[in-house]
Amino acid sequence: MEKYLYLETFGCQMNEHDSEKIAALLSRNDYRVTQNPRQADVILVNTCAIREKAEQKYLSLLGRYRELKETKPELLIGVGGCAAQQNGEALLRQMPQVDLVFGTHSMLKLPSLLDEAATRRGVVSLDFTTDLADRFDSTLIPLSRHPTRAYVTVMEGCDLFCTFCVVPLTRGREISRPPEQILDEARALAERGVKEITLLGQTVNAYGRRRGEMPFHELLAALDEVPGIARIRFTSSHPRYVTDGLIEAYRRLKHLCPHLHLPVQSGSDRVLERMHRRYSREEYAAIVARVREARPDIAITTDLLVGFPGESEEDFEATLALMREVRFSDAYTFAYSERGGTRAAEFADQLPEKIRKERLARLLALQKAIGFEENRSRVGCVEDVLVEGRSKTRPEKLAGRTGQNKIVTFAGDPALAGTLAPVRILQAFPNSLGGEAV
Ligand code: SAM
Ligand code: SF4
Ligand code: F3S
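Residues numbered from 1 in each chain as written. Chains lettered and ligands numbered in written order. Predicted model: local features only at pLDDT ≥ 70, side-chain atom pairs only at ≥ 80, totals over all residues. Heavy atoms only, no water.

**A short note on the overall build of the protein**
Point 1. Broken down by element type, the protein carries 14 helices and 19 strands.
Point 2. At 22 Å, the protein has a C-alpha radius of gyration in line with the 22 Å of a compact globule built from 438 residues.
Point 3. Summarising its shape, the C-alpha atoms of the protein cover approximately 60 × 60 × 45 Å along the three principal directions.
Point 4. For the protein, the residues scored as buried account for 55% of the 438 residues in total.
Point 5. Sequence-distant contacts in the protein: of pairs separated by 6 or more residues, those separated by 24 or more amount to 73%.
Point 6. Counting only carbon and sulfur atoms, one obtains 50% of the accessible surface of the protein, whose full area is about 19100 Å².
Point 7. When the 61 basic and 61 acidic side-chain charges of the protein are each reduced to a single mean position, those positions are 3 Å apart. (Helix = DSSP H or I, 4+ residues; strand = E, 2+ residues; numbered from the N terminus. Rg over C-alpha atoms; globule rule 2.2 N^0.38 Å. Buried < 20%, exposed > 50% of the residue type's maximum accessible area, 1.4 Å probe, protein only. Contact = heavy atoms within 4.5 Å. Areas by Shrake-Rupley, 256 points an atom, 1.4 Å probe, with all protein chains shown as cover. Lys, Arg positive; Asp, Glu negative; His and termini not counted. Charge placed at Lys NZ, Arg CZ, Asp CG, Glu CD.)

Okay, structure coming up:
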């Protein structure tokens, strides 16, 4: 009998994509996805543990589902993802409304885990596995929410253990997916009309390092030849794995977007060392210079973390200076949050919350100013835009993204939806561009 599934997702693009995989997998097993939790027979919450705030969000949501379960006792509630992996069975004890806890390596087992949870409360599946067949299902094409673009997992896990980060604890060791599976998935997506793929991995450019398969730049070159795929992006890359081959790919490949997301975290060598990031500020700047030489129009985006233990005013100013020097086209900025199980949480020199917040505000203000200036520099240019359809905020206009990943709203024929269209940029806003189809 058909059952209704409601899925709620927190966290990064990997988690969003995991939810797309869960939706595809359960749709094959007699579940139908609903947008209404009250209609659901099964509610799954895909959680994130990266910062304290992320944990508060899913906990407060589960609080609301407790009331729902009181009115509908046959409802099954499952908690999965990174926070589930970390908190494990404790979640069952804390929250009587939860029936099932599944970790980041248990996703493909969900159909049987849900069957089991229907017969007894308290099913827990948290084992890590390095078995490729348990981790990647070659027959599963995830259900993308966008008709024109899709994510493709190429690797999972992380072996770098930055001292602030829970990901190696929640996602386990680095594992790369076989290249044939990735290429088959890209071909299947192209046949469905997908034009843009974003390759996903926590350190995506470490792809192929362990198993001696294809290095990442060769995978990019192979994907560049898939008919119908007009754009390739990838996230998140790590500076340690930016190779000559990857820089060359920016020079040669036809479909690789002029965009590199390269998290730097800090502009201070002292902080980078304590974060265990494995590169210096100078090495980072040298990579940016080489990539820009290979692809002058490239947009560099980054992640920055301020208020790390022991970060002095001088260290923080080195981060501001790096921001001015590199001129990131966009940045995800975060205030440091202590995470149980990480090394930095044990450091004695944690900074007061007030300093973390104040530095975050200063960082944001500078990035906003730089981003706006970068946007203004595009006015007058003609950019190829992958048109997604009508703008959500201004339905009389169309919306899409440039190769540099900037959102553009523009006047044009709605029939352009799903195509790559040239758009003249006429206006710059702090976070987006405006224009008209040419
Ligand atoms: N793998 C990516 C990399 O190497 O940069 C990052 C993955 S992480 C999911 C995304 C971002 O969250 C990080 O780049 C970092 O800036 C931020 N982050 C990670 N741990 C954090 C913490 N404890 N507090 C605040 N932000 C954190
Ligand atoms: Fe976390 Fe560092 Fe791994 Fe990125 S590289 S996922 S920040 S441990
Ligand atoms: Fe969060 Fe896990 Fe992603 S901790 S940021 S959902 S890898």
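Once the structure has been displayed, the description carries forward.
**A look at the sheet that holds strand β19 (residues 433–437)**
Point 1. In spatial order, the strands read β15-β16-β17-β19-β18; together these five strands close into a barrel with mixed pairing. Across the sheet, the axes of successive neighbouring strands diverge by a mean angle of 50 degrees, strand direction being ignored.
Point 2. Where strand β18 (residues 420–428) meets β19, five bridges bridge the pair, whose relative direction is antiparallel. Its bridge partner lying in β19, I425 is registered against G435. (Pairing = 2+ DSSP bridges. Axes fitted to C-alpha atoms, helices over the stretch in contact; angles between N-to-C directions.)

**Regarding the site of ligand 2**
Point 1. Close to ligand 2 lie C158, L160, F161, C162, F164, C165, V167, P168, Q202, T203, H238 and R277, which account for all nearby residues.
Point 2. Partitioning the shell around ligand 2 into residue classes produces eight nonpolar, three polar and one charged. (Near = heavy atom within 4 Å. Nonpolar A, V, L, I, M, F, W, Y, C, P; charged D, E, K, R; others polar.)

**Focus: the packing of helix α13 (residues 313–326) against helix α14 (residues 353–376)**
Point 1. It is the contact of α13 with α14, at a shortest axis distance of 10 Å, that shows an interaxial angle of 15 degrees. By the criterion of interaxial angle, the relationship of α13 to α14 is roughly parallel. Crossing handedness for the pair α13 and α14: right-handed. Residue-level contacts link E313, F316, E317, T319, L320, M323 and R324 of α13 to R359, R362, L363, L366, Q367 and I370 of α14. (Parallel < 35°, antiparallel > 145°, perpendicular 65-115°, else oblique. Left-handed = near helix turned anticlockwise from the far one by under 90°.)

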